[in-house]
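# Architecture and fold: a report
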Amino acid sequence: MFKVVLLSFLFTFSAFSKTEIKMFTYHPDPPYVVNEKERSGYTFELANFLNDQLDSNYHFSVVVLPRKRLNQLLLTDNNIVVPWTTPKWFNDISKRKFKWSKPLLIVNNLLISNVKKPIKSNNVRGLKLAGLRGGKWLEFDHLIESGTLEKVNVSKYYSIIQMIERGYVDGGIIPSLTVKYYQNAGKVGKEIFIPTTPLSTNHLQVLIKGEVKLKKFLDKKIIQFKETKTFKLMK
């Protein structure tokens, strides 16, 4: 009985003695977040893997939030990680504003459109495209600023598919993994044109705002995570 109580105490003490790390994600759709209440999806799987590590001094808690709110928290808070992103999306090509992990996942961005009026090139002047609110379009941001391209902001990637199907926009930019998920779920109609050539290819990393030890821990664990069955099913 004493041993059981002692082990329970040690486990509780260990959990409370760990540094709390917020794992923020602004990707609210599958496969990154499948069901927030049930804590399913790539982001939760990554957090669970990290929390299961016996040599960890950290505990990771997933928080789903809009990109604009994330930008505000990055200015004031510490002990933050943001998976599934790149330095170029945070204006940090030089990697001086934040620390960055080793590459985690390679994902394409696709410019999808309506089959009746497919967009088969990067010539999008005069068009109306839907995209995630706060997301960076390095290829087209200058056109939006000049007023030659209209961006319609949405809170979820699936809204892009719906808006194209209903003819509200000409097209939209969406991660290839998200398109694939919705295709497998039967949620992408025949109205959607999906190009074979991606708009861009991105080597997704983890943005880190915290101590150097945290980056070293993540770099080590990402290598291990990429050897798991869970990760291999992500491709």
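In this text, all values refer to a predicted model and were calculated from it rather than measured experimentally.

For the protein, the helix and strand inventory stands at eight helices and 10 strands. Taking the principal axes of the C-alpha coordinates as reference, the protein spans close to 70 × 40 × 25 Å. Sorting the 235 residues of the protein into buried and exposed places 46% on the buried side. The long-range fraction of contacts in the protein, counting pairs at least 24 apart against all pairs at least 6 apart in sequence, stands at 71%. On the protein, roughly 13100 Å² of surface is accessible, and the fraction owed to carbon and sulfur atoms is 54%. Looking at the protein, you have 37 positive and 19 negative side-chain charges, and the mean spots of the two groups are 2 Å apart.

Most of strand β3 (residues 80-85) is tucked away, with six of its six residues classed as buried. Alignment of strand β1 (residues 19-25) against β3, held across two bridges, turns out to be parallel. Bridge pairing in β3 links lysine 22 to isoleucine 80. Of the strand pairs in this sheet, β3 and strand β10 (residues 200-209) are connected by four bridges, and their pairing is antiparallel. The partner of threonine 85 across the bridge, within β10, is glutamine 205.

Once that is clear, we can look at the nonpolar core. Core analysis: the largest hydrophobic core is formed by 58 residues, its most contacted members being Phe60, Val81, Trp84, Phe90, Leu104 and Leu218. When residues in this core are grouped by element, the largest group, six residues, is from helix α2 (residues 42-51). Within the second largest apolar cluster, 11 residues are counted, among which are Leu111, Leu129, Phe140 and Leu149.

To continue, consider the environment of phenylalanine 44. Considering the arrangement of structural elements, one finds phenylalanine 44 in helix α2. By relative accessible area, phenylalanine 44 is classed as buried at 2%. In this structure the C-alpha to C-alpha distance between phenylalanine 44 and glycine 186, which are 142 residues apart in sequence, comes to 24 Å. Ignoring sequence-local partners within four residues, the contact set of phenylalanine 44 consists of Val33, Asn35, Glu36, Arg39 and Val62.

This next bit is on unusual backbone geometry. Negative phi is the rule for most residues except glycine; trans is the rule for most peptide bonds. A cis geometry characterises the amide bond from proline 30 onward to proline 31, with omega recorded as 0°. Its identity is not glycine, yet tryptophan 84 carries a phi of approximately 65°, on the positive side. Looking at the element boundaries, tryptophan 84 is found in strand β3. Despite not being glycine, asparagine 91 has its phi angle at roughly 50°, a positive value. Tracing the sequence through the fold places asparagine 91 in the loop between β3 and β4 (99-100).

This paragraph deals with α2. Counting buried residues in α2 gives eight out of 10 residues, a clear majority hidden from the surface. Considered for burial, the residues of α2 that qualify are Tyr42, Thr43, Phe44, Leu46, Ala47, Phe49, Leu50 and Asn51. Where α2 is buried, its residues touch β1, β2 (58-64), β3, α6 (176-184) and α7 (212-225).

Before going further, it helps to spend a moment on the pattern of salt bridges. Within the structure shown, the criterion is met by three salt bridges. Among the salt bridges present, the one from lysine 220 reaches aspartate 55, with a minimum N-O distance of 3.2 Å. Here aspartate 55 lies in the loop between α2 and β2 and lysine 220 lies in helix α7, a separation of 165 residues in the sequence. A salt bridge links lysine 215 to aspartate 219; the shortest N-O distance between them is 2.8 Å. Taken together, the residues lysine 215 and aspartate 219, both in helix α7 and four residues apart, mark about one turn of the helix. Lysine 215 sits in the partly exposed class, given a relative accessible area of 24%. A relative accessible area of 11% places aspartate 219 in the buried class. Each of Asp55, Lys220 and Lys221 takes part in one network of salt bridges that share partners.

Reading the values: rules and limits
- Residues numbered from 1 in each chain as written.
- Predicted model: local features only at pLDDT ≥ 70, side-chain atom pairs only at ≥ 80, totals over all residues.
- Heavy atoms only, no water.
- Helix = DSSP H or I, 4+ residues; strand = E, 2+ residues; numbered from the N terminus.
- Buried < 20%, exposed > 50% of the residue type's maximum accessible area, 1.4 Å probe, protein only.
- Contact = heavy atoms within 4.5 Å.
- Areas by Shrake-Rupley, 256 points an atom, 1.4 Å probe, with all protein chains shown as cover.
- Lys, Arg positive; Asp, Glu negative; His and termini not counted.
- Charge placed at Lys NZ, Arg CZ, Asp CG, Glu CD.
- Pairing = 2+ DSSP bridges.
- Core = buried A, V, L, I, M, F, W, Y, C linked by side-chain atoms within 4.5 Å.
- Salt bridge = Lys/Arg side-chain N within 4 Å of Asp/Glu carboxyl O.

Don't take any of this as a statement about function, it's just geometry.
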